[in-house]
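Now for the letters of each chain:
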Amino acid sequence: VDLAAGAPGHRVAGVEVGAVYLWLGSRDGLSGPPDAVYLGNQQYADFGRVVARAGDVNRDGFADLAVSAPFFDTGGLANGRGVWVLHGRQAPPPE
C-alpha cells in the first residue's frame, strides 16, 4: 500500500509553496523519508490542501491522484483554484 500526504504549508527556501509527499509501500510496509516530493509552483496557493484518489484518469491501468491548490491564481483570477493530477505508474517516481 502506498501513502500520499498533502503538506500545504511546506516551504522551500522560506517560501510557502506546498507539497505532496509520496511513500511507496513494500512487503515490509512504509519507512523512512518519502520516496518522492511533488512541489507546488505558486506561493501561498495551498498546494496539497486536499489529496484524493482520482481513479485511472488516463486509462493506463495505474491509479492517479488529484491534488488541490484552492488559492492558486489562474487566468487573471486571484484564488481561481487549481487541481493537478499526478499520474500513477509502475516505475518509482522521479526524485
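Residues numbered from 1 in each chain as written. Predicted model: local features only at pLDDT ≥ 70, side-chain atom pairs only at ≥ 80, totals over all residues. Heavy atoms only, no water.

1. Points about the packing of aromatic side chains
Summed over the entire model, instances satisfying the criterion amount to 3 aromatic pairs. On the numbers, 5.6 Å between centres and 80 degrees between planes, the contact of phenylalanine 47 with tryptophan 84 is edge-to-face. Separated by 37 residues along the polypeptide, phenylalanine 47 in the loop between β5 (36-39) and β6 (51-53) and tryptophan 84 in strand β8 (residues 82-86) bring together distant segments of the chain. Under the relative-accessibility criterion, tryptophan 84 is labelled partly exposed at 26%. (Phe/Tyr/Trp six-rings, centres within 6.5 Å; stacked < 30°, edge-to-face > 60°. Helix = DSSP H or I, 4+ residues; strand = E, 2+ residues; numbered from the N terminus. Buried < 20%, exposed > 50% of the residue type's maximum accessible area, 1.4 Å probe, protein only.)

2. Concerning the pattern of salt bridges
According to the stated counting rule, one finds 2 salt bridges in the structure shown. For arginine 11, the salt bridge is made with glutamate 16, and the minimal N-O distance between the two is 3.8 Å. (Salt bridge = Lys/Arg side-chain N within 4 Å of Asp/Glu carboxyl O.)

3. Section: unusual backbone geometry
Phi at alanine 13 is positive, roughly 50 degrees, even though this residue is not glycine. With respect to the helices, strands and loops of the structure, alanine 13 is situated in the loop between β2 (11-12) and β3 (15-16). Relative accessible area serves as the criterion here: at 81%, alanine 13 is assigned to the exposed category.

4. Details of the sheet that holds β5
Spatial ordering of the open sheet is given by β1-β4-β5, a layout of 3 strands whose pairing is antiparallel. Bordering the open sheet on either side are β1 (3-7) and β5, each of which pairs with just one other strand. Mean inter-strand twist for the sheet, computed between neighbouring axes without regard to direction, equals 20 degrees. (Pairing = 2+ DSSP bridges. Axes fitted to C-alpha atoms, helices over the stretch in contact; angles between N-to-C directions.)

5. Points about the environment of asparagine 58
You can see asparagine 58 is positioned in the loop between β6 and β7 (65-69). Sequence separation of asparagine 58 and glycine 88 is 30 residues, and the distance between their C-alpha atoms is 9.3 Å. The residues touching asparagine 58, leaving out its near neighbours within four places in the chain, are Asp64 and His87. A distance of 3.2 Å separates polar atoms of two side chains, one belonging to asparagine 58 and the other to histidine 87. (Contact = heavy atoms within 4.5 Å. Polar contact = N/O pair within 3.5 Å; in protein donor to acceptor, adjacent residues only side chain to side chain.)

6. Observations regarding the pairing of strand β4 (residues 19-23)
With 4 of 5 residues buried, β4 lies mostly within the body of the structure. Where β1 lies against β4, 5 bridges are found, and the strand directions are antiparallel. Each bridged residue has a counterpart across the sheet, and for glycine 6 the counterpart in β4 is valine 20. Sheet topology places β4 next to β5; 4 bridges connect them, and they run antiparallel. Across the sheet, residue tyrosine 21 finds its bridge partner in β5, namely valine 37.

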